[in-house]
Amino acid sequence: MPKLNKLVLIGNYISGWNDDPNVFGNVTSIRNLYLDGNNIKLVNKTSFPQHFLNSLNKLCLTNNPFSCSCDLKWFLDWMKSTKHTKIVNYPNRYICRSPPDLNNVLLKDYNPTDEMCADIGKTLQDACIGISVTFIFLVLMVSISFRYRFHLRYWLHVTGLHQLGYQRLVHDFDFKYDAYVIYSDGDHSFIKNRLIPELEIKSHCRLCIPARDFEPGALIVENITNKFELSKNIVVILSRSLLDCEWCDYQLALTQTKAIREGPGVLSIILLEDMDSINISPSMRALLSMVNCCTWSCDRTSQRRFWGQLLTALNKHTDSENGQ
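Residues numbered from 1 in each chain as written. Predicted model: local features only at pLDDT ≥ 70, side-chain atom pairs only at ≥ 80, totals over all residues. Heavy atoms only, no water.

- As annotated in an unreviewed UniProt entry, the chain carries the name Toll-like receptor 13 and comes from Mizuhopecten yessoensis.
- The Subcellular location (unreviewed entry) comment attached to the chain in UniProt states, word for word, "Membrane". (UniProt positions renumbered as here; feature names shortened; annotations may be inferred.)

The following block contains the structure:
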């Protein structure tokens, strides 16, 4: 409508059009615009193109619920300075409706200064920066806590034991077990038919087998932590089923902590079957980087070598500490 001279949009519940600058971008013929009785809260520099304002004779925005803030400052300054455009019914029917402390204040009496708006902008900017930094810090702390949740749980439990008067064991005769065995339920037959007969019955090693030696009624976390503290060494039975074990990751994390604190000599890993390195957890991968594995074989000659290698690993750590 290139010849449209007057546009009346009274009482149409219009709230704004700032998201679409093309609303008045191509308008060249309108000289009188009536937008009174709508829901317009804000008019700023992007509301009307400059060429449109230059050609506008009358603008009516009465009875709109203006929000009096620094965002409205441009419109206030423009109404006071324009000489070409008549602001219909200004100033008596241009009233602030928000915020609550400015309700019913005439727009002409609301005079935000550049300094005041700059201070508000800086305050908002500082608040946003503060919130962002706090949020990033919280996300970082949550991520670290989740990644090292097992180590933290172990540390808290051990700290609690120390506060109760328990002391760390330092001599061989202080330990109840020669080795704590980490394994999955799927490898129970290997524990029962191979490991226990060879190490406990034949070689007189004292093994902590969770399914057998955990205290009934105690929390799993407490059982694991207590038995770790009472064990000289850690033996890990590495198999595919171990990677799916719910509590094995926790035990492996504690093993990593123990190996770092006391040296990798406390750790022995039995490779029960070939493993795909892609599926190995970060905790297990860290342990594998510390020690060489004892690989299980069905060959009898290899088995004798296997048990000798494992016993040497367990006794080597004990002997080295006794010599200190």
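### Points about the overall build of the chain
Then, number 1: Each helix and strand counted, the chain has 10 helices and 11 strands in total.
Then, number 2: Looking at the chain as a whole, 40% of its 324 residues are labelled buried.
Then, number 3: For the chain, restricting intrachain contacts to residue pairs at least 6 apart in sequence, the fraction spanning at least 24 positions comes to 78%.
Then, number 4: Counting every atom, the chain has about 18,900 Å² of accessible surface; 56% of that belongs to carbon and sulfur. (Helix = DSSP H or I, 4+ residues; strand = E, 2+ residues; numbered from the N terminus. Buried < 20%, exposed > 50% of the residue type's maximum accessible area, 1.4 Å probe, protein only. Contact = heavy atoms within 4.5 Å. Areas by Shrake-Rupley, 256 points an atom, 1.4 Å probe, with all protein chains shown as cover.)

### Some details on the state of the cysteines
Then, number 1: For the coordinates displayed, the defined rule picks out two disulfides.
Then, number 2: The side chain of Cys-68 participates in a disulfide bridge whose partner is Cys-96; the two sulfur atoms lie 1.7 Å from each other. Between Cys-68 and Cys-96, the S-S dihedral sits near -85 degrees, and the bridge is therefore left-handed. One end of the pair, Cys-68, is in the loop between strand E4 (66–67) and helix H2 (73–81); the other, Cys-96, is in strand E6 (residues 96–98), and 28 residues separate them in sequence. Assigned by exposure class, Cys-68 and Cys-96 land together as buried.
Then, number 3: Through a disulfide, Cys-70 is tied to Cys-117; the S-S separation comes to 2.2 Å. Residues Cys-70 and Cys-117 are joined by a disulfide whose S-S torsion is about -95 degrees; by sign, that bridge is left-handed. (Disulfide = S-S within 2.5 Å.)

### A short note on the sheet that holds strand E10 (residues 267–271)
Then, number 1: Strand order in the open sheet formed by five strands is E8-E7-E9-E10-E11, with parallel pairing between adjacent strands. Of all the strands in the sheet, just strand E8 (207–208) and strand E11 (293–295) have a single pairing partner and so form its edges.
Then, number 2: Summarising the sheet, strand E7 (residues 177–182) and E8 pair through two bridges and their orientation is parallel. Looking at E8, one finds that Tyr-180 is bridged to Cys-208.
Then, number 3: Seen against the sheet, helix H8 (residues 248–262) touches E7, strand E9 (231–238) and E10 and runs at an angle of roughly 135 degrees to E9. (Pairing = 2+ DSSP bridges. Axes fitted to C-alpha atoms, helices over the stretch in contact; angles between N-to-C directions.)

### Some thoughts on the environment of Asn-54
Then, number 1: The residue Asn-54 is located in helix H1 (residues 50–55) in this model.
Then, number 2: Each C-alpha atom of the pair Asn-54 and Thr-82 lies 9.5 Å from the other, and the pair is 28 residues apart in sequence.

### Focus on the nonpolar core
Then, number 1: Grouped together as the largest cluster of nonpolar side chains are 28 residues, with contacts concentrated most on Phe-48, Leu-59, Leu-61, Phe-75 and Leu-107.
Then, number 2: If you list the elements that add at least two residues to this core, you get H1 and H2.
Then, number 3: Sort the elements by how many residues they give to this core and H2 lands first, with four residues.
Then, number 4: Discounting residues that sit within four places of it in the chain, Leu-59 has contacts with Leu-33, Phe-48, Phe-75, Trp-78, Thr-85, Lys-86, Ile-87, Val-88 and Tyr-94.
Then, number 5: Residues Tyr-180, Tyr-250, Leu-252 and Leu-287 belong to the second largest nonpolar core, which totals 23 residues. (Core = buried A, V, L, I, M, F, W, Y, C linked by side-chain atoms within 4.5 Å.)

### Looking at the sheet that holds strand E2 (residues 32–34)
Then, number 1: Pairing is parallel across the open sheet formed by four strands, whose spatial order is E1-E2-E3-E5. Sheet topology places strand E1 (6–8) and strand E5 (86–87) at the edges, where each strand pairs with a single neighbour.
Then, number 2: Sheet topology places strand E3 (residues 58–60) next to E5; two bridges connect them, and they run parallel. Across the sheet, Lys-58 pairs through a bridge with Lys-86, a residue of E5.

### Section: the packing of aromatic side chains
Aromatic ring pairs are reported here in terms of the distance separating the ring centres and the angle at which the planes meet.
Then, number 1: One pass over the full model with this rule turns up 14 aromatic pairs.
Then, number 2: Taken together, a centroid distance of 6.3 Å and an interplanar angle of 20 degrees make the contact between Phe-75 and Trp-78 stacked. Residue Phe-75 and its partner Trp-78 are located together in helix H2, separated by three residues, close to a single helical turn. Per residue, the accessibility class of Phe-75 equals that of Trp-78, and both read buried.
Then, number 3: Taking 5.5 Å as the distance between ring centres and 70 degrees as the angle between the ring planes, the aromatic pair formed by Tyr-90 and Tyr-94 counts as edge-to-face.
Then, number 4: In this structure an aromatic cluster arises from ring pairing among Phe-66, Trp-74, Phe-75, Trp-78, Tyr-90 and Tyr-94. (Phe/Tyr/Trp six-rings, centres within 6.5 Å; stacked < 30°, edge-to-face > 60°.)

### Re helix H5 (residues 188–202)
Then, number 1: The principal kink in H5, of about 50 degrees, is found at Ile-196, preceding the proline Pro-197 by one to four residues.
Then, number 2: The complete set of buried residues in H5 reads Phe-190, Ile-191, Leu-195, Ile-196, Glu-198, Leu-199 and Glu-200.
Then, number 3: Looking one or two places after H5, you find His-204, whose phi comes out positive at around 60 degrees. (Bend = angle between axes of the 7 residues up to and from the residue.)

### Thoughts on the pairing of E7
Then, number 1: Buried residues dominate E7, accounting for five of its six residues.
Then, number 2: Bridge count between E7 and E9: five bridges; the pairing is parallel. Within E9, the residue paired with Val-181 across the bridge is Val-235.

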